[in-house]
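Examining the three-dimensional arrangement
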Amino acid sequence: MSFNPLAEKGIPLDQQLRNWSELNVQPYIKDQVDPYTRTRVITMNGIETEGIFFSHQFARHTADPDLRRQLAMLRRVEQQQQKVVNWLTPGNESTLEVTIGYEQVAVDLTAFLARHEPDPYIKQAFEFGLLEDFDHLYRYANLLEMTEGKKAEEVTGRLTEIMPGRPTVAEHRHPYDDVRRPSDRTKADPVSLLHVLTLVASEQQTMNFYMNVGNRPMNPLARGLYLEIAQIEEQHVTHYESLLDPNASWLEQEVLHQYNECYLYYSFMQQESDRRIKQIWELHLNMEIEHLRIACDLLRQYENRDPEEFLPQSLPETMRFEENKDYIRQVLADQVNLTTQDTEFVPVEQLPEDARYFQYQKTVNAGGVPSEQVIEEHRSQMGGDYRMTTEGAHPLAGANR
């Protein structure tokens, strides 16, 4: 049965404020939680954070006092929602364990959206980023075992394979080559707009997380790995945000943010196995339905536009965290050698010798590369690298050493 948040009645905004004890929720138990419950928590933390950051930027670009007050009220409630979601992560999960969860999000969220993306160019952009996050999971997994004696599969379950992707060392590109062609919101399938916004939020949250926690380890190699991969996450935010239509108005974007939050809370409510956390998704969905209604009213008031012009008539197929092993293996076999030149995806061997890619590589990779050193050190200490494969050998023969 289709669900249309525009036709639903949410919780009135003046009833949405909560007290501190309501916000200071009990975290999940890290050794008992479903890995995909963890990924849903990480995802919605990123979605709420993006909505808050966007609202602050919107407020800085309008002089209308009534609009600024309305944004402030919506933003305050969404700050409360973000605290509830983020506070579900327990304090006894180490930074590296949380990092493994972040990379599992990046792999399985991106894979699901790529599989269901109708626009060929956007799909290619998703698959390109997928192989890079897949490799980050492998690098951090080796660091986790080497420094904490813990196998990453204790965090991910056996839901997501762990093995080399597009090598992180090869992912460093000149900034000009991370800018994609923007979509045209007037012609795009609405689901594409939601997909892109979801990945912008997810990658931005990962970037923010690594920017803030990357200096916490004592181990110099761990600090180096966070430093290197944090730079790739900045590239990924550029990569995905450049797919957005820059001609959308601030209010149009606000409506889309609120609709996307409805879409994801509804999706995760349908899938959630933890009854207590499912109730949080349901509560937040009913809040977001009201946020969407208010944003739509603001669009009508200030721009005399009907949001039904660009929003789906009902929510698209629910976004699900599920295994993507065969799909990822196929993308890996077909696209591991791709890089980018301007807005296009090209095999690295087709670049001219003087391409800026090689000059950038030469600059940033001079003096050693932490993502390579992590694997070398793991092999030196433990006789080999750490992998978790359930579907057989790596699809690329040369990667099986």
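In this report, the structure presented in the accompanying data block is examined. Position labels on residues start from 1 in each chain and follow its written sequence. With pLDDT at 70 or above as the cut-off, local features in this predicted model cover only qualifying residues; side-chain atom pairs require 80 or more to be listed or tallied, and sums for whole chains, interfaces and linings still use all residues. Excluded from the side-chain calculation are hydrogens and water; included are all heavy atoms of the structure.

1. Regarding the overall build of the protein chain
Our working definition: A run of DSSP states H or I qualifies as a helix once it reaches four residues; a run of E qualifies as a strand once it reaches two. Both are numbered from the N-terminal end. Radius of gyration here is computed from C-alpha atoms only, and the compact-globule reference equals 2.2 Å multiplied by the residue count raised to the power 0.38. The buried label applies to any residue whose accessible area, calculated with a 1.4 Å probe on protein chains only, is under 20% of its type's maximum; exposed applies above 50%, and partly exposed to all values in between. We call two residues in contact whenever any of their non-hydrogen atoms come within 4.5 Å of each other. Methods summary: accessible areas were calculated by the Shrake-Rupley approach with a probe of 1.4 Å, and residue burial reflects only the protein chains presented. Residues scored as positive are Lys and Arg, those scored as negative are Asp and Glu, and His as well as the terminal groups of each chain are ignored. Positions of charges follow a simple convention, taking NZ of Lys, CZ of Arg, CG of Asp or CD of Glu.
Within the protein chain one finds 13 helices and two strands. Scaling as 2.2 N^0.38, a compact globule of 401 residues should have a C-alpha radius of gyration of about 21 Å, and the protein chain matches this with 21 Å. For the C-alpha atoms alone, the extent of the protein chain along its principal axes is close to 60 × 50 × 40 Å. Out of the 401 residues in the protein chain, the part that is buried amounts to 57%. Pairs at least 24 residues apart make up 86% of the contacts formed inside the protein chain by residues separated by at least 6 positions. In the form shown here, the protein chain has an accessible surface area of approximately 17,100 Å², with 49% of it arising from carbon and sulfur atoms. Charged side chains in the protein chain number 39 positive and 64 negative. The centres of these two groups are separated by 3 Å.

2. What to know about the packing of aromatic side chains
Rules: A pair of Phe, Tyr and Trp rings is counted when the ring centres sit within 6.5 Å of each other, with Trp represented by its six-membered ring. The angle between the planes then sorts it: under 30 degrees is stacked, over 60 is edge-to-face, the rest tilted. By the criterion adopted, a ring carries a charge over it if an Arg CZ or a Lys NZ lies within 6 Å of its centre and within 35 degrees of its normal.
Tallying each qualifying case throughout the model produces 16 aromatic pairs. Here the aromatic rings of Phe54 and Trp250 are separated by 5.3 Å at their centres, their planes lie at 35 degrees, and the arrangement is tilted. Of this pair, Phe54 sits in helix 2 (residues 35-59) while Trp250 sits in helix 9 (residues 250-271), and the two are 196 residues apart along the sequence. Members of the aromatic cluster, joined through ring pairs, are Tyr102, Tyr140, Phe209, Tyr210 and Tyr226. Here the basic side chain of Arg166 rests over the ring of Phe128, its NZ or CZ set 4.2 Å away from the ring centre. Sitting over the face of the ring of Tyr121, Arg181 holds its NZ or CZ atom 3.8 Å from the ring centroid.

3. Focus: the side chain of Asp178
How we decide: Each polar contact in these results corresponds to two N or O atoms within 3.5 Å; when the atoms are within protein, one needs to be able to donate a hydrogen and the other to accept it, and residues that are neighboring in sequence are counted only if both atoms are side-chain atoms.
Mapped onto the secondary structure, Asp178 falls in the loop between helix 6 (153-156) and helix 7 (190-213). One polar contact links Asp178 to Gln235, side chain to side chain, over a distance of 3.2 Å. The contact partners of Asp178, leaving out residues within four places of it in the chain, are Arg173, Gln235, Thr238, His239 and Ser242.

4. As for the state of the cysteines
Put simply, the rule reads: The rule for a disulfide is simple: a pair of cysteine sulfur atoms within 2.5 Å.
Applying the stated criterion across every chain yields a total of zero disulfides. Note on Cys262: no disulfide assigned, nearest cysteine sulfur contributed by Cys296 at a separation of 9.0 Å. Overall, the relative accessible area of 0% leaves Cys262 in the buried class.

5. A few points about the nonpolar core
Nonpolar side chains in soluble globular proteins tend to be buried together. What counts here: Here the nonpolar core consists of buried residues drawn from Ala, Val, Leu, Ile, Met, Phe, Trp, Tyr and Cys, with membership extended through side-chain atoms lying within 4.5 Å.
Core analysis: the biggest nonpolar cluster contains 107 residues, and Phe126, Tyr140, Trp281 and Met319 have the highest contact counts within it. For this core, the leading source of residues is helix 5 (residues 120-148), giving 15 residues. With residues near it in sequence (within four places) discarded, Tyr140 still touches Leu96, Thr99, Ile100, Glu103, Tyr210, Leu225, Tyr226 and Ile229.

6. Let's talk about the packing of helix 2 against helix 9
We count it as follows: Every angle, taken between N-to-C directions, lies between 0 and 180 degrees, and every axis is a line fitted to C-alpha atoms, over only the stretch in contact when it is a helix. Any angle that falls under 35 degrees is termed roughly parallel, while one over 145 is termed roughly antiparallel, one within 65 to 115 roughly perpendicular, and all others oblique. Handedness of a helix crossing follows the sense of rotation of the near helix relative to the far helix, less than a right angle counterclockwise being left-handed and clockwise being right-handed. Under the convention adopted here, Pro, Cys and the residues Ala, Val, Leu, Ile, Met, Phe, Trp and Tyr are nonpolar, Asp, Glu, Lys and Arg are charged, and Gly plus all remaining residues are polar.
Contact geometry of helix 2 with helix 9 gives a least axis separation of 11 Å together with a crossing angle of 165 degrees. The pairing of helix 2 with helix 9 is recorded here as roughly antiparallel in orientation. Relative to helix 9, the crossing made by helix 2 is left-handed. Residue-level contacts link Arg40, Thr43, Met44, Ile47, Glu48, Glu50, Gly51, Phe54, Gln57 and Phe58 of helix 2 to Trp250, Leu251, Gln253, Glu254, His257, Asn260, Glu261, Leu264, Tyr265, Phe268 and Gln271 of helix 9. Its residues assigned to classes, the contact of helix 2 with helix 9 shows nine nonpolar, seven polar and five charged.

7. Details of the environment of Pro118
Residue placement: Pro118 occurs in the loop between helix 4 (95-115) and helix 5. Placed 73 residues apart in sequence, Pro118 and Val191 show a C-alpha to C-alpha distance of 8.1 Å. Ignoring any residue separated from it by four or fewer positions in sequence, one finds Pro118 in contact with Asp189, Val191 and Ser192.

8. With respect to the layout of surface pockets
Put simply, the rule reads: A cavity here means a set of 1 Å grid points, computed over protein atoms only, where a 1.4 Å probe fits but cannot escape. A pocket is an open set with protein on both sides within 12 Å along at least 5 of 7 lines, and lining residues have an atom within 4 Å of a point. Grid points are joined across faces, edges and corners, and a volume is the space filled by probe spheres set on the points.
A volume near 460 Å³ is recorded for the largest pocket. Those elements that place two or more of their residues in the lining of the largest pocket are helix 2, helix 7 and helix 9. Here the lining of the largest pocket takes five residues from helix 9, the largest share from any one element. Here the residues of the lining of the largest pocket sort into 10 nonpolar, four polar and five charged.

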